[in-house]
Amino acid sequence: MISLAGLLSTKVTIGDPSPNKKRMIRESKKGLKLSFKPYDLQLKHAFTLASSTRTTTPVMLTQIEYDGLTGYGEASMPPYLGESQTTAGNFLSQLKLDQFTDPFRIEEILAYVDQVAPGNMAAKASIDIALHDLVGKILGQPIYRILGFSPEKTPNTSYTIGIDTPEVVKQKVLEADAYKVLKVKLGRENDKEMIEVIRSVTDKPITVDVNQGWKDKNKALEMIYWLKERGVLFIEQPMPKTSIDDMAWLTEHSPLPTMADEALQRLPDVKKANGVYSGINVKLMKCGGIREAHQMLLMARSLGMRTMVGCMTETSCAVSAAAQLSPLAEWADLDGNLLISNDPYKGVEIINGKVTLNHNPGIGIVTK
Ligand code: MG
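In this text the structure is predicted, and so the values were computed from the model without any measurement.

Scoring rules and cut-offs
- Residues numbered from 1 in each chain as written.
- Predicted model: local features only at pLDDT ≥ 70, side-chain atom pairs only at ≥ 80, totals over all residues.
- Heavy atoms only, no water.
- Phe/Tyr/Trp six-rings, centres within 6.5 Å; stacked < 30°, edge-to-face > 60°.
- Helix = DSSP H or I, 4+ residues; strand = E, 2+ residues; numbered from the N terminus.
- Buried < 20%, exposed > 50% of the residue type's maximum accessible area, 1.4 Å probe, protein only.
- Lys NZ or Arg CZ within 6 Å of the ring centre and 35° of its normal.
- Contact = heavy atoms within 4.5 Å.
- Polar contact = N/O pair within 3.5 Å; in protein donor to acceptor, adjacent residues only side chain to side chain.
- Salt bridge = Lys/Arg side-chain N within 4 Å of Asp/Glu carboxyl O.
- Core = buried A, V, L, I, M, F, W, Y, C linked by side-chain atoms within 4.5 Å.
- Domains from an automatic or database assignment.
- Arc of directions from axis to C-beta.
- Buried area = accessible area lost by both parts, 1.4 Å probe.
- Nonpolar A, V, L, I, M, F, W, Y, C, P; charged D, E, K, R; others polar.

(A) A look at the packing of aromatic side chains. Evaluation of the coordinates by the stated rule reveals 4 aromatic pairs. Here Phe234 and Trp331 contribute two aromatic rings whose centre-to-centre distance is 4.5 Å and whose plane-to-plane angle is 40°, an arrangement assigned as tilted. Of this pair, Phe234 sits in strand 7 (residues 232-236) while Trp331 sits in strand 11 (residues 331-333); the two residues are 97 residues apart in sequence, bridging distant segments of the chain. Taken as a pair, Phe234 and Trp331 share a single burial class, namely buried. Of note, Lys217 hangs over the ring of Trp249, and the distance from its end group to the ring centre comes to 4.6 Å.

In C-alpha cells form, the structure reads like this:
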C-alpha cells in the first residue's frame, strides 16, 4: 500500500520518455547562480547607420547555473539606449538570484529583476534569456515547443546591406546570395542611389530601415511611393520617434506598412504605436527578453498590427532566443549573429533564407 507521504514524494517527469533516463523535475535546495563576462563582437563589415559608424559591439554574456545545468543569456548594448558593459556589469552585480530556488517561477524572478533598477533592458534580457534556456533544458524541450509554436512557421530573415560605395554594396549583395530578403539602411543623401545599385544586381524583395533619418513627412511619402515601385516591402522607423503626428499622417497615407523600432520598447508602447505605425519591430534587448516580447507580439496581433522580430548585433545566443518567437511574426530581421566573426555559440540557422529552429532544448544553442 502506498502511503500519503509516498504519494507526495512522487516525482513528476516530463520530456524524455525513456524510463531509464527520466530527469526529475524537482526544486533544488540551492539557489540560482549567476555569472557574467564582457565580450566584444568583431563585425565582418564596418556598420554604418544614419548617425554613426562602428567596427565592434560590446555585449555581456551571462550564465545561470542550477542543479547541474547551465542556462545561457546575453545582453547586447546598442549605443543609443545608453547601456554599456560597465552599466550591465553594475546592474548584474546587484542581483541576488541565489534567493530563488525554482527557475520555473520566471514571473516572480523577472519582477524582482525589473525593480532592482530602472532601464538596463539589455541586462534584464540577459537574465530572461538564461532563465528560459535553463527551464527548457530542465524540461528537455525547445522554448518554441513549450510556448506552443510550430517551428515550420518561421519567416524568412532579411539580411542587412550596409551603406557603402556602389562597388562594395554590389559585392555585399552578391555575398547575400543565400538570403531571400535584403534590408537596406537609408536616411542619407544617396538613398535612391543605394536602391538603384542593389536593383542593378538583384530583384529580391527589400525592406528599408531609415533609423529616424527622414525629417519631412511630404518628402518621406514621396520617397515611399518611389520605393514601392522598386519592390520594397515596408519602411522601418522613417521619421524621428518624437514626430508622432507626422508619423501618424505618414502611416495613414503610405502605400507601404510603416514599422516602429526606436519609437517602441516595452509592452505599454504597443498601444501607443497603434494608429501611428502599421506595425512593430520587437527586440529582446529593448523589452527585457522572451517573456515580454511574447506579450508584445500577442498584443500587436490582437490590435491588427503587423509584426516583426528583430535583433541587435549579437551572438547566436540572443538571436536564437528571439528566433524562438519568430513563428508569431510576419517578418524577421535576425541576422545579428551573421554579421560577426567571433560568435562563441551555434544555434538557429538560416537555411534557404528561412529562420530554421533546431530541436535542442532551451533556446537551442551549443558552445563552439
Ligand atoms: Mg531598426
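Back to the text.
(B) Layout of the environment of Thr315. Checked against the element boundaries, Thr315 lands in the loop between strand 10 (306-310) and helix 13 (316-323). Among the residues examined, Thr315 registers a relative accessible area of 0% and is labelled buried. With residues up to four places along the chain from it excluded, the contact list for Thr315 reads Leu41, Leu61, Glu74, Asn337, Ile340, Asp343, Pro344 and Tyr345. At 2.5 Å, the side chain of Thr315 and the side chain of Glu74 are in polar contact.

(C) Just the pattern of salt bridges, in detail. According to the stated counting rule, one finds 17 salt bridges in the structure shown. Between Asp133 and Lys137 there is a salt bridge; the shortest N-O distance is 2.9 Å. In this pair, Asp133 and Lys137 are both assigned in helix 4 (residues 121-139), 4 residues apart and thus about one turn of the helix distant. There is no split in this pair, since Asp133 and Lys137 are both buried. With a shortest N-O distance of 3.6 Å, Asp164 and Lys172 are connected by a salt bridge. Through salt bridges with shared partners, a single ionic network connects Lys183, Lys185, Asp209, Glu236 and Asp333.

(D) Quick look at the nonpolar core. Counting residues in hydrophobic clusters, the biggest one holds 107 residues, and the most contacted among them are Leu97 and Leu227. In terms of residues, this core owes the most to one element, helix 4, which gives 11 residues. Split by domain, this core shows at least three residues from each of two domains, domain 1 (4-141) and domain 2 (146-367). Aside from chain neighbours lying at most four places away, what touches Leu97 is Gly31, Leu32, Leu34, Ile64, Ile109, Tyr112, Val113 and Ile127.

(E) Representation of helix 3 (residues 106-116) within the structure. Restricting attention to buried positions, one finds in helix 3 the residues Ile106, Ile109, Leu110, Tyr112 and Val113. Buried positions in helix 3, seen along its axis, are confined to an arc of 155° and lie on one side of it. Those residues of helix 3 hidden inside the fold are in contact with helix 2 (85-94), helix 4 and helix 12 (290-302).

(F) Examining helix 9 (residues 244-253) more closely. Within the sequence span of helix 9, burial applies to Met247, Leu250 and Thr251. Buried residues of helix 9 fall within an arc of 100° about the axis and therefore sit on the same side. Structural note: helix 9 exposes Asp245 and Glu252 on the side pointing more than 90 degrees away from its buried face. Packing partners of the buried residues in helix 9 comprise helix 8 (217-228) and strand 8 (258-260).

(G) View of the domain arrangement of the protein. As assigned here, the protein comprises domain 1 (4-141) and domain 2 (146-367). Here the C-alpha centre of domain 2 lies 25 Å away from the C-alpha centre of domain 1. Taken together, the contact between domain 1 and domain 2 spans 40 residues of the former and 43 residues of the latter. Taking both partners together, domain 1 and domain 2 bury about 3500 Å²; carbon and sulfur atoms supply 62% of that area. Between domain 1 and domain 2 we count 2 salt bridges in total. Between Glu107 and Arg291 there is a salt bridge, and its shortest N-O distance comes to 2.8 Å. Our enumeration of links across domain 1 and domain 2 arrives at 15 residue pairs in polar contact (both at pLDDT 80 or more). Taken together, the elements giving at least two residues each to the side of domain 1 that touches domain 2 come down to strand 1 (33-48), strand 2 (53-66), strand 3 (69-76), helix 3 and helix 4. The greatest single-element share of the side of domain 1 that touches domain 2, amounting to 11 residues, is contributed by helix 4. Split by residue class, the side of domain 1 that touches domain 2 holds 20 nonpolar, 10 polar and 10 charged.

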